[in-house]
Amino acid sequence: MDTLRTFTTGSGAEGKFHSLPALAEQGFPNLSKLPVSIRIVLESLLRNNDGLKVSEKDITNLANYNAKAPGDYEIPFVVARIVLQDFTGVPLLVDLAAMRSAVDGMGLDAKMIEPLVPVDLVVDHSVQVDYAGTAASLEKNLDLEFHRNRERYEFLKWGEQAFDTFKVVPPGIGIVHQVNLEYLAKCVLEKNGVFYPDTLVGTDSHTTMINGLGVVGWGVGGIEAEAGMLGQPVTFLVPEVVGVYLTGALNTGVTATDLVLLVTEVLRKTKVVGKFVEFYGPGAKALSLPDRATIANMAPEYGATMGFFGIDEITTGYLAGTGRSPELCATVENYYKAQGLWGIPTDRDALEFSEVVDLDLSTVKPGVAGPKRPQDRIDLDNLKIKWGQLLAAPIADGGFAKTESKTAIVTVNSKDGVKDTIRHGSVLIAAITSCTNTSNPSVMLAAGLLAKKANALGLKINPSVKTSLGPGSRVVTDYLNKTGLQAELDTLGFQTVGYGCTTCIGNSGPLDLGIEDVVKAEDIVAASVLSGNRNFEARVHQSIKANFLMSPPLVVAFALAGTVDIDLTTEPLGKTPKGEPVYLKDIWPTSEEITDAMNLSLKPDVFRRLYTGFSDQNPKWNEIKSSTGNVYEWDRKSTYIQEPPFFDGFTPAPRDIVEIHGARPLGIFGDSVTTDHISPAGAIKMDSPAGRFLVEKGVGFADFNSYGSRRGNDRIMTRGTFANVRIKNLMVPGIEGGVTKYYPSAAPQKDHLMAESHELKNGSVSGQSVTNGEVPTLAIYDAAAVYQEECIPTIIIGGEDYGMGSSRDWAAKGTNLLGVKAVITKSFERIHRSNLVGMGVLPCNFVNKEDYDKIKGLADATFDLTGLDNDLKPMQIANLKVHPAGGESFDVPVIVRIDTPVEKDYYRAGGILPYVLAQILD
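Residues numbered from 1 in each chain as written. Predicted model: local features only at pLDDT ≥ 70, side-chain atom pairs only at ≥ 80, totals over all residues. Heavy atoms only, no water.

**Details of the pairing of strand S12 (residues 241–247)**
Reasoning step 1: Burial of S12 is extensive: six of the seven residues sit out of reach of the surface.
Reasoning step 2: Judged from the five bridges that link them, S12 and strand S13 (residues 276–280) form a sheet pairing that is parallel. Within S13, the residue paired with valine 242 across the bridge is valine 277.
Reasoning step 3: Between the parallel elements S12 and S13, the chain passes through helix H9 (residues 256–270) in a crossover that is right-handed.
Reasoning step 4: Note: S12 against strand S15 (residues 355–360), six bridges, orientation parallel. When the sheet's bridge partners are listed, leucine 246 is paired in S15 with leucine 359. (Buried < 20%, exposed > 50% of the residue type's maximum accessible area, 1.4 Å probe, protein only. Helix = DSSP H or I, 4+ residues; strand = E, 2+ residues; numbered from the N terminus. Pairing = 2+ DSSP bridges. Right-handed = clockwise from strand over helix to strand, strands pointing away.)

Here it is as structure tokens:
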């Protein structure tokens, strides 16, 4: 297909590009009606057409895209770059290092393993809020971060020197998505004189934030990202594209956060999981770039692959305002105009979508979301009523089953033993945090202005509230300082604690021990309020059961109120020193005040200055030493970095697909089990399998760090799989935490297994079990170890939206290393299903969802998964034969969620990594 044309770049020179209008002239007249996001993916196919990974048939398929009936073909999408954060990036680098070790062990050149596209890793997930509420918090937390993570940082520095295209943005700079938005993204890239759209995937769900800048990209597991780095296309089934037609404008006092919480609620109900979402209309066109980015950021919360906005003058204005060159801005405009992709359509019928959702921005009301899921939005004026209902509601209905009020006196040790009163609903953590909001100056300045007015009235925050501010980048600190608002936030206790993803990822740090003890002893249902995007159970803090998402100014307001059991629209949030009531309306900033503050503080030169010379601005990073060479020198004593077993016994030949017989359930779970439940990122309990392992290795409890920081060590992460303290295994009713029933039985023949079971390295059954009759209750890891020793395959049963949440590859890696052969659910979240395939674990869905109810109570059953062989077709129906103990066997049809032919190849190889290695060695 002849589509190479020229356009005028921002410098006035001639640039080449693969023209979509030229393609339209070659028999695809409907191209201009396709969603913009689809056309950008189509450009990648045109440019990367090599007849092998991408073919003319792939181009024809997508150029003929039918929004109402997309079809069932797969798209081989070659992305321009990869973005990583350190929690997911370190294990990815570990896998690449292991691949190099495997190649080196074969006597071949280890440099065969090299990323083929640029890779940027931003260290942003390692900072923890150990210290808060003082001027020294930032420096103390940074010191602890470097102490705890020195081994990881040494490893990252090795990676930066070992791989030519691997770059690291060091700690203390900002959150990966804000750094991507403000610095890394260019909108248009160039190679060998050919210009093309900036596209990417990232190992964090909220990579979608960059969709607000008109960049196509989304979150994938580290497993898929590794394949993309090594030249494999990101393959996915052609998606439906849902158009969201925005009209009207936000009313005064309504924030972008309020809007995105409503969008999340609406689109979850619309069921956009696995679909592209594209925002357009006059309301979308009028939104600021930070507001667009806020909405795009939360695509994982509403379930979409992307939340995309097109490129227009707002985009190039943002690029200029954040210090990008005038030449780049002009190139972006000229390129997208030449492609026919410039501007956000305002006509409702301008583009053809699978479905259109209408939303009038003037209908958006202030609100919060929680206490357990981001899609559970509550109008601000209804929170008090809703809280009372949730408090009394049964646990099975998402409530807390508390029929009586509770009041307790706590001693706040960290504040000189001051006494405070807490009760159900008391706010114990108030955090301005998370990429969703800290990238948006309007809501961050609003928080500072609200703090200024609160200080002027003499309001104070209760001593039991742990307050923190985690700016998304140093630019935020700059504009808060310029406006004098940082000092106002400091006065209330919202001092800067670090530049990274803090409370929202679970790095909230410890509660004051005096408070923690009372919360546990009295079973207080305490609350956190955060300007984040995730509030799943036990994610923010293991002792805080209710977590509410909200805008930064509302975080400050609820910190002042000290409780979520309040109607801030009618009740005072505090009193002046004279005892006069103060209402939210008294301290809420006006639109004019916010606009004036933005005009005063946001300057392009600040972005240019703060995003250059990272090493010069970070002496602690410069002090980190590392090994050198192309092959990593593994330290067998390290508790952070270990060579994983993924290439043990590697052979390039694909394995046979065989049936699974005699499998035992390792866990049977309900709906909405998240990747946080499967593979927590937060604190490691002392008495957990991972905690016991660390103690055996001589690690003190104070240095346990978090699961997220130890993702480079499979020994710890396998032990941490299904170890969330709030996970509920229906096999062990009434008990929370990662335990299961172990049923001894005769082992099936080994030839029934898909492959020899993994040996859990250093694994042993602890013996720390709670017996219940004749069937012992064990930690899931311990039970898995026994089953593997006995060569008994295991499966997982789940409900709706299994694997929702973060794009956490260890949720699939750990499942694999526990010996799980298949995960059978009502439905999967997109990324986790893909990750399971990428680790050689078979995902399946019930054909009839009511069959789940027949199985969920059969903890003692065994299962056969039949109808599997090398002729397996994508989405094939297989049979799950259920053998209840002492009952009649019955059959349940399941869909094998191998969705594309290439996924079958991944599965037969034992996962993406062995597949890619075999391809490289071929």
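Resuming the write-up.
**Regarding the packing of aromatic side chains**
Reasoning step 1: The full count for this structure, using the stated rule, is 33 aromatic pairs.
Reasoning step 2: When the centroid spacing of 6.3 Å and the interplanar angle of 85° are considered together, the rings of phenylalanine 77 and phenylalanine 236 count as edge-to-face. Taken together, the residues phenylalanine 77 in strand S3 (residues 74–77) and phenylalanine 236 in strand S11 (residues 234–237) connect sequence positions 159 residues apart. The pair phenylalanine 77 / phenylalanine 236 is uniform in exposure class, with both members buried.
Reasoning step 3: Ring centres 5.0 Å apart and planes at 75° place the aromatic pair tyrosine 906 and tyrosine 915 in the edge-to-face group. A single burial state applies to tyrosine 906 and to tyrosine 915, both of which are buried.
Reasoning step 4: Through pairs of rings, three or more aromatic residues link up here, namely Phe7, Phe17, Phe195, Tyr335 and Tyr336.
Reasoning step 5: A cation over an aromatic ring shows up here: lysine 372 above the ring of phenylalanine 400, its NZ or CZ 5.0 Å from the ring centre. (Phe/Tyr/Trp six-rings, centres within 6.5 Å; stacked < 30°, edge-to-face > 60°. Lys NZ or Arg CZ within 6 Å of the ring centre and 35° of its normal.)

**Section: the sheet that holds strand S5 (residues 119–122)**
Reasoning step 1: If you trace the five strands from one edge of the open sheet to the other, you get S6-S5-S4-S9-S10, paired in parallel fashion. Whereas interior strands pair on both sides, the edge strands pair on one side only; in this sheet they are strand S6 (166–169) and strand S10 (216–219). Strand-to-strand twist across the sheet, computed as the mean angle between neighbouring axes with direction ignored, equals 20°.
Reasoning step 2: In terms of strand pairing, strand S4 (residues 81–85) meets strand S9 (residues 199–202) through three bridges, oriented parallel. Looking at the pairing, arginine 81 lines up with leucine 200 of S9. (Axes fitted to C-alpha atoms, helices over the stretch in contact; angles between N-to-C directions.)

**Notes on the environment of asparagine 180**
Reasoning step 1: With respect to the helices, strands and loops of the structure, asparagine 180 is situated in helix H7 (residues 176–184).
Reasoning step 2: Here asparagine 180 falls in the buried class, since its relative accessible area comes to 2%.
Reasoning step 3: When the C-alpha atoms of asparagine 180 and isoleucine 210 are compared, they prove to be 7.2 Å apart, with 30 residues separating the residues in sequence.
Reasoning step 4: Residue contacts for asparagine 180: discarding those within four places in its chain leaves Arg81, Val83, Ala185, Leu200, Ile210 and Arg324. (Contact = heavy atoms within 4.5 Å.)

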